Amino acid sequence: MDTADTAPSAQPITPTTPAAPNRRRVATAAALASAVEWYDYFVFGIAAALVLGDLYFPAGSSAAGVLAAFATFAVGFLARPLGGIVAGQLGDKRGRKPMLVLALTLMGLATTGIGLLPTYQTIGVAAPVLLVLLRVAQGVAVGAQWGGAMLLATEYAPEGKRGLYGSVVQLGVPIGVVTANTVFLIAGALTSDSAFTAWGWRVPFLVGLFVLALAWYIHTRVEETPEFREAERALAEKEKDEQASPLRTVLREHLSTVLLAGGSFAVNTATFYILITGILDYTTRELGMDKGPVLAVSLCVSLTQLVLIPVSAALSDRLGRIRVYALGAAGIALWAVPLFLLVDTASLLWLAVGTFVASCFLSIMYGPQAALFAELFTPEMRYTGASLGYQTAAVAGGGLAPFVMVLLLEATHTSMSVSAYIIALAVVALISIKILADRARSR
């Protein structure tokens, strides 16, 4: 497809033709990197909804404990732009692969640290402080990871398949959700409630050690992307004192593109975290549903994304990123009210229906998103620009969404306030998408 469809601030992308086996190896490595990184990130959200409030933030009410745990969950999102900025700067100058390896290593160490961390009852106030610091490290790691994995996949993509190749990185999200839910379900099934609270919840975090093995594999077996090597050669021809900082270039010349990208995606990431963490807390704490069946519904719904994400990405290669992306955003806006009307029935069947339809619209947006963001920036600033756009959305949407959801429910005593929150973010997304489309047409 013509990059002018979605790249108002970028130059046309130079086609590359790496060998097919190498492309497949790189795409597989990028998908695995994304999957294990998001798995480590998501286990915190599930644990925050189920146990972390009582263990690390003892308070007078269960809602206060959950709010404190979700605030810690949000801290990880606030740290993500830092990871995106640092990794973007170095990734645009030193390469995509080294930053991805560093991000995976940091994530593996931080997640394992959470699994080994003593509780408030054991070490007092040091427990929540250390938990926050480890969550910050997770945030920095995932902020650094997404750009590296996404660019490994999209910059190795054959001509006309950038959307499809970018979607393998996006598949890391549902794979991470499915795996995290599965491990928690197994841990819950094999332990009593007291044992799960005492130690069973730690098992999913200790799986983070496997991330280190994947980091080593990528370090030793994956080559740098052809587009970065080409950009590196072009930059090497300039005098060092003439080379502009990628961050400075993005902020000075393409800040509006970063903000529009973030505005277009905030509704997706906010709705996603409402589905996998906010609704888990709401249904178990407020509606009295059992955590096991609710986790099972979340797992099954996430499995459908494994099909829908690549399908929507492939459609974007044919129809254009903006058209597919906007369809997903409009669908989220229209489904926000029916979603919570179904959830409020406290029926597993209607919970599954409501979250499945919402997940379909999220997948329609998420499939083309990696290629869309990559095409907004040229190779020499692509890691920085795409990461900033993505992480801006993560802070504005995903990081605060479960926290905002609990606040809204406590203040209004109706789930329709959460629907209104989703609709407001969807309106921002549609406006941002319209401006990006207008810019593309003007080119």
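Residues numbered from 1 in each chain as written. Predicted model: local features only at pLDDT ≥ 70, side-chain atom pairs only at ≥ 80, totals over all residues. Heavy atoms only, no water.

Within an unreviewed UniProt entry, the label attached to the protein chain reads MHS family MFS transporter, and the organism entered is Streptomyces composti. Checking UniProt for the protein chain, the heading Subcellular location (unreviewed entry) contains the comment "Cell membrane". (UniProt positions renumbered as here; feature names shortened; annotations may be inferred.)

Enquirer: Sorry if this is basic, but what is going on with helix α14 (residues 291-319) here?
Expert: Spacing of three or four residues puts side chains on the same side of an α-helix, whose turn is 3.6 residues. For α14, which comprises 29 residues, the first-to-last C-alpha distance of 41 Å matches the rise-based estimate of 42 Å (1.5 Å per residue) to within 8%. Residue L306 marks the point of greatest curvature in α14, where the axis turns by about 30 degrees; the proline P310 follows within four residues. The positive-phi residue at the C-terminal boundary of α14 is G320, with phi of around 110 degrees. (Helix = DSSP H or I, 4+ residues; strand = E, 2+ residues; numbered from the N terminus. Expected span 1.5 Å × (residues − 1). Bend = angle between axes of the 7 residues up to and from the residue.)

Enquirer: Explanation requested: the packing of aromatic side chains in the structure shown.
Expert: Any pair of aromatic rings gets described here by the distance separating the centres and the angle formed by the planes. Summed over the entire model, instances satisfying the criterion amount to eight aromatic pairs. On the basis of an interplanar angle of 70 degrees and a centroid distance of 6.2 Å, the ring pair of F265 and F373 is categorised as edge-to-face. Note that F265 is positioned in helix α13 (residues 255-286) and F373 in helix α16 (residues 348-374), a separation of 108 residues in sequence. Ring pairs connect the aromatic residues F265, Y366, F373 and Y390, which therefore count as one cluster. Positioned above the aromatic ring of F44 is the side chain of R135, whose terminal nitrogen or guanidinium carbon lies 4.5 Å from the ring centre. For K291, the ring lying beneath its charged end belongs to F196, and the centroid distance is 5.2 Å. (Phe/Tyr/Trp six-rings, centres within 6.5 Å; stacked < 30°, edge-to-face > 60°. Lys NZ or Arg CZ within 6 Å of the ring centre and 35° of its normal.)

Enquirer: Just to check I follow, could you spell out the packing of α13 against helix α18 (residues 401-412) for this structure?
Expert: The geometry of a pair of packed helices is captured by two quantities: the angle between their axes and the separation between those axes. Between α13 and α18, the least distance of the axes is 8 Å, while the angle of their chain directions is 45 degrees. Judged by the inter-axis angle, α13 sits oblique to α18. α18 is crossed by α13, and the crossing has right-handed handedness. For the pair α13 and α18, the contacting residues are A270, Y273, I274, T277, G278, I279, D281, Y282, R285 and E286 in the first and A401, P402, M405, V406, L409 and E410 in the second. Residues of the contact of α13 with α18, tallied by class, amount to ten nonpolar, two polar and four charged. (Axes fitted to C-alpha atoms, helices over the stretch in contact; angles between N-to-C directions. Parallel < 35°, antiparallel > 145°, perpendicular 65-115°, else oblique. Left-handed = near helix turned anticlockwise from the far one by under 90°. Contact = heavy atoms within 4.5 Å. Nonpolar A, V, L, I, M, F, W, Y, C, P; charged D, E, K, R; others polar.)

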